[in-house]
Amino acid sequence: MLATIDIKVTRAANSKLKEIDFDNLPFGKNFTDHMLEADYINGEWKNVEIKPYQPLLIAPSNAALHYGQAIFEGIKAYKDDQDNAYIFRPYDNFKRFNISAERMQMPVVPEEIFIEGMRKLIEMDRDWIPAKPNYSLYIRPFMYASDEVIGVKASDTYKFIIILSPTGPYYAAPMRIWVEEKYIRAAEGGVGYAKAAGNYGGAMYVTAQAKKNGFDQVLWMDAKEHKYVQECGVMNVFFIVGDKVLTPDLTAGTILAGVTRDTVITVLKEMGFTIEERPVSIDEIIAAHKAGTLKEVFGTGTAATVATIKEMQYKDYNMQFDISNLATTTEVKKRVDDIRYGHAADVHGWMYRV
Ligand SMILES: *Cc1c(COP(=O)(O)O)cnc(C)c1O
C-alpha cells in the first residue's frame, strides 16, 4: 500500500489543447496544460502540487546552474484502441532516477510522488495522449538543486518536476554513425550510468563535430583503451552477428541502463536469439563486417524505440549495412509496439494503467 500524499491541484483556466496541431508534433516542443512540482526542504518532500504549466523563477545563484546537480528521466504513455491510457515501465525509470539521484548526492524521490504524481498528472492531461499509431505522450521527470548559494557543495534544497509533451512518430532516417576514438562520454568510476544533465552537455561538442562531417550520431568508446564500444548518442547499441546478438554489458558503470535495452533483450530472447551482454570491441565488429556476418545494427531508446544504423565510420574504415532487409530490427520493433499499443498481451507487466 502506498503512503498517501496530499497533492494540491490547481486546474488551468483554459486548455491549450485546441491550439496544438496533432499532425505536426516535433519532439519536445509542445507541453500539456499541467505540470507537477515538489520541493525538498529540511530533509523532506513537501508542497507537492499539480498546477498550470508555467515558467520557473530561478535565482541567479541557483546551485544547479553553477555546479550541475540536475538529473532527468524519459518515459512514454500510450493509448490503446479502447482509449485506456498506460505508462510503459514507469517503475524501471523510477528506480533509475533514484540511482542517478544517489550518484549526484541528491535526495531520492518517493514512489507516491514519482509514480502516483505522474499517474495523477497524466490522468488530468489524458486528452493530450494522441490516440494514433506511433504517437505517444513523452513524460519528462527531472530534479535540480535549488539552493541560492554559490559555494561548491551539495545543495540542501531541490525541486522535482514532471512535464508532459505529446509526440508524433519518430521518422528517423537510418543513421550514419561516427565511431569516436579521441573524446569520451564516461569513464569507470564516473557518472556515465546516471541520467545526469552534464553527461549530455559534455557530448554536444563531439556530436556537433560528427554532424559537420555528415554523421548523425557518435558511437562512444571506453575511456581506458578506446577499444570497446559503449553507446550511441542517447541510445544503447545492438549488433546482430550471425545468429547472435551482441550488446555492451553494464558492469563498468559507463553505460546508461536503458529500459528499452532491457525490453529489446527480453523480446529478442522470446524470438529465439542468443544475447551476449559483454565487452564488444570495435575490432570484433570490423572483423564481422569484413567476414560478412554483421547483419543489422541498431540503437534503442525511449524516443525512437529502435533506430536503424546504416553506416559506421571508424578511423579510415567505413562500414555500410544492407538496410533493404532488416528482418530482426523490424520484428523486434513491431513486437514492442504491439505491447505498448495494447495489440499484444502484456505478459511482463510492463504497462501501468493510468
Ligand atoms: C536515456 C538514455 C538511453 C536510453 O534509455 P531508455 O531507458 O531506453 O530510454 C541510452 N543512453 C543514454 C545515454 C541515455 O541518456
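Each remark here, short or long, concerns the structure printed above.
The present account deals with the structure reproduced in this document. (Residues numbered from 1 in each chain as written. Predicted model: local features only at pLDDT ≥ 70, side-chain atom pairs only at ≥ 80, totals over all residues. Heavy atoms only, no water.)

1. Quick word on the site of the ligand
Rules: Residue proximity to a molecule or strand is established when one non-hydrogen atom of the residue lies within 4 Å of it. In protein, a polar contact means a hydrogen-donor-capable atom and an acceptor-capable atom, both N or O and within 3.5 Å, with residues adjacent in sequence counting only if both atoms are side-chain atoms; elsewhere, any N or O pair within 3.5 Å suffices. Accessible surface area values rest on a Shrake-Rupley calculation with a 1.4 Å probe, where residue burial reflects the displayed protein chains alone. Three residue categories are used. Nonpolar comprises Ala, Val, Leu, Ile, Met, Phe, Trp, Tyr, Cys and Pro, charged comprises Asp, Glu, Lys and Arg, and polar comprises the others, including Gly.
In the region of the ligand, 15 residues are neighbours, and K195, Y200, E231, T260 and T302 sit closest. For the ligand, an oxygen atom lies 2.8 Å from a polar atom in the backbone of V259. At 2.6 Å from an oxygen atom of the ligand is found a side-chain nitrogen or oxygen belonging to T302. Protein contacts shield 97% of the accessible area of the ligand, which totals 380 Å² for the unbound molecule. Within the shell around the ligand, the residues separate by chemical class into five nonpolar, six polar and four charged.

2. Considering the pairing of strand β7 (residues 136-145)
Note the threshold: Note on classification: 1.4 Å probe, protein chains only; a residue is buried when its accessible area is under 20% of the maximum for its type, exposed when over 50%, partly exposed between these limits. Helix and strand labels come from DSSP, where a helix needs a run of H or I of at least four residues and a strand needs a run of E of at least two; each type is numbered from the N terminus. When DSSP finds two or more bridges between two strands, those strands count as paired.
Among the ten residues in β7, nine count as buried, and that is most of the element. Here strand β5 (residues 75-79) runs beside β7; their pairing, made up of three bridges, is antiparallel. Residue pairing in the sheet places K76 in a bridge with Y138 of β7. Examined bridge by bridge, β7 and strand β8 (residues 158-167) share ten bridges and lie antiparallel to one another. The residue of β8 that forms the bridge with M143 is F160.

3. So, the environment of D337
For clarity, the cut-off: Here a residue-residue contact requires only that any non-hydrogen atoms of the pair lie within 4.5 Å.
With respect to the helices and strands, the residue D337 is situated in helix α7 (residues 327-340). Classification of D337 as buried rests on a relative accessible area of 13%. Through-space distance from the C-alpha of D337 to that of W220 is 28 Å; in sequence the pair is 117 residues apart. Once residues within four sequence positions are removed from consideration, D337 is found in contact with N134 and T305.

4. Thoughts on the pattern of salt bridges
For the record, the criterion: Salt bridge, as used here, is a side-chain nitrogen of Lys or Arg placed within 4 Å of a carboxyl oxygen of Asp or Glu.
One pass over the full model with this rule turns up 26 salt bridges. Of the charged contacts, one joins R261 and E277 as a salt bridge, the two residues approaching to 2.7 Å between their closest N and O atoms. With a gap of 16 residues between them, R261 in helix α5 (residues 259-270) and E277 in strand β14 (residues 274-277) connect regions that are remote in the sequence. With a relative accessible area of 39%, E277 lands in the partly exposed category. For R335, the salt bridge is made with E331, and the minimal N-O distance between the two is 2.7 Å. Placement of the pair is R335 and E331 together in helix α7, with a separation of four residues, close to one helical turn. Take R335: its relative accessible area is 33%, and that puts it in the partly exposed class. Bridged by salt links that share partners, the residues E37, D39, K51 and K159 form one connected network.

5. Let's talk about the packing of α5 against α7
Applied cut-off: For every element, the axis is a line fit to its C-alpha atoms; helices are fit only across the contacting stretch, and the angle between N-to-C directions ranges from 0 to 180 degrees. Note on angle classes: values under 35 degrees are labelled roughly parallel, values over 145 roughly antiparallel, values of 65 to 115 roughly perpendicular, and the remainder oblique.
As a packed pair, α5 and α7 sit with axes 10 Å apart at the nearest point and diverge in direction by 110°. Our classification of the angle between α5 and α7 gives roughly perpendicular. Where α5 approaches α7, its residues T263, V264, V267, L268 and E270 are matched on the opposing element by T328, V332, R335 and V336. Grouping the amino acids of the contact of α5 with α7 by side-chain chemistry returns five nonpolar, two polar and two charged.

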